[in-house]
Amino acid sequence: MSISKQFLLSRFLEMDQEEVAILGGEEYFERVPEWTVEDVVNWLKKIGFGDYISVFEQCGVDGDILLLLQDKDIKEDLEMKNGILRKRFLRELKNLRKSCDYSCCNGSEIANFLSRIGADFREYTYNLVSKDMSVDFMKKLGVGDLQDMMKEAGIENLVHQHKIVEAVNCVDEEFQSNDSLDSSETAYDVCLTYPRSNGAELASL
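The structure displayed is predicted, hence computed values, not measured ones.

Novice: Explanation requested: the layout of surface pockets in the structure shown.
Specialist: Its boundaries defined by the atoms lining it, the largest pocket holds a volume of some 340 Å³. Taken together, 15 residues line the largest pocket, and the ones lying closest to its centre are Gln70, Arg97, Glu123, Tyr124 and Gly154. Here the element with the most residues in the lining of the largest pocket is helix H6 (residues 83-99); it accounts for 4 residues. Split by residue class, the lining of the largest pocket holds 4 nonpolar, 5 polar and 6 charged.

Quick look at the structure:
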């Protein structure tokens, strides 16, 4: 593995929560996991879904619940029966998930990892965070267990599941390559000679 890849990989793992809140020059401001019901209501007004404020308030949908909503929840529990409206709402929700600042819930590492796969993958951050998943833990899972975990977390897209599995394996391979490179480095003994009245003296460093 090249030095640049080693540096980027180590840098990625060392980044703190504030640093990874800014990725690729784009800043993420909305800390949706901390939103109250009132914050969600304001967001509904902003995206043009004010007619559903009442049911969202009745169900107590805060930021935590909002980020985990699935189509079935929106249709059955939030009474959004019209399929076209649900598509519009899910589009807005997807954009919110992609632009959210997850540093408030210790999700920056996962968000950064998913963003490296593709911009659309960042929307799955809270799904994984809610299941206490980390990149390090995912590396320890087999492919089957990892896919089952993602399905349980609400990641239904099979193509996206496959790409996440590939990305996890790539991170694991990077570490193995790095470990192999480190172990193959040659150690050298450095010796110096300096003169003495009765002959040269050899000193080892």
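Novice: Would you take a moment to explain the pattern of salt bridges for this structure?
Specialist: A side chain of one charge can pair with a side chain of the opposite charge when the charged atoms of the two come close. As enumerated under the stated definition, the model contains 8 salt bridges in all. The salt bridge partner of Arg31 is Asp101, with a shortest N-O separation of 3.3 Å. Of the two residues, Arg31 is situated in the loop between strand E2 (26-27) and helix H2 (37-46) and Asp101 in the loop between H6 and helix H7 (108-117); the sequence distance between them amounts to 70 residues. For Asp101, a relative accessible area of 6% translates into the label buried. With a shortest N-O distance of 3.8 Å, Glu123 and Arg97 are connected by a salt bridge. Here Arg97 lies in helix H6 and Glu123 lies in the loop between H7 and helix H8 (125-129), a separation of 26 residues in the sequence. The two residues Glu123 and Arg97 agree in class, both being buried. One continuous salt-bridge network, built from bridges that share partners, spans Lys94, Arg97 and Glu123.

Novice: Can you help me understand the packing of aromatic side chains in this one?
Specialist: The description of an aromatic ring pair uses the distance of the two centres, along with the angle that the planes make with each other. This structure, assessed with the given rule, holds 6 aromatic pairs. Judged by centre distance (5.9 Å) and plane angle (55 degrees), the rings of Phe56 and Phe89 are tilted. Taken as a pair, Phe56 in helix H3 (residues 53-59) and Phe89 in helix H6 lie far apart in primary sequence, 33 residues in all. Comparing Phe56 with Phe89 shows no difference in burial state: the two are buried. Where Tyr102 meets Tyr126, the ring centres are 6.5 Å apart and the plane angle is 20 degrees; that geometry is what we call stacked. Of this pair, Tyr102 sits in the loop between H6 and H7 while Tyr126 sits in helix H8, placing them 24 residues apart in sequence. Tyr126 carries the same exposure label as Tyr102, and that label is buried. Ring pairs connect the aromatic residues Trp43, Phe49, Tyr52, Phe56 and Phe89, which therefore count as one cluster.

Definitions and limits used
- By convention here, each chain's residues receive numbers from 1 onward along its written sequence.
- Since the coordinates come from a predicted model, pLDDT governs what is reported: local features require at least 70, and pairs of side-chain atoms require 80 or more to be given and counted, while whole-chain, interface and lining totals use all residues.
- Computation of side-chain values covers all heavy atoms of the structure but excludes hydrogens and water.
- Grid points spaced at 1 Å and placed over the protein atoms alone form the basis of the search, with a cavity being a set where a 1.4 Å probe fits but cannot get out and a pocket an open set showing protein on both sides within 12 Å along at least five of seven lines. Lining residues have an atom within 4 Å of a point.
- Grid points are joined across faces, edges and corners, and a volume is the space filled by probe spheres set on the points.
- Helix and strand labels come from DSSP, where a helix needs a run of H or I of at least four residues and a strand needs a run of E of at least two; each type is numbered from the N terminus.
- Three classes are used, and their members are as follows: Ala, Val, Leu, Ile, Met, Phe, Trp, Tyr, Cys and Pro are nonpolar, Asp, Glu, Lys and Arg are charged, and the others, Gly among them, are polar.
- Whenever a carboxyl oxygen of Asp or Glu lies within 4 Å of a side-chain nitrogen of Lys or Arg, that contact is scored as a salt bridge.
- The buried label applies to any residue whose accessible area, calculated with a 1.4 Å probe on protein chains only, is under 20% of its type's maximum; exposed applies above 50%, and partly exposed to all values in between.
- Stacked, edge-to-face and tilted labels apply to pairs of Phe, Tyr and Trp rings (six-membered ring for Trp) whose centres lie within 6.5 Å, assigned for plane angles under 30 degrees, over 60, and everything in between, in that order.

Nothing here speaks to function; it is all geometry.
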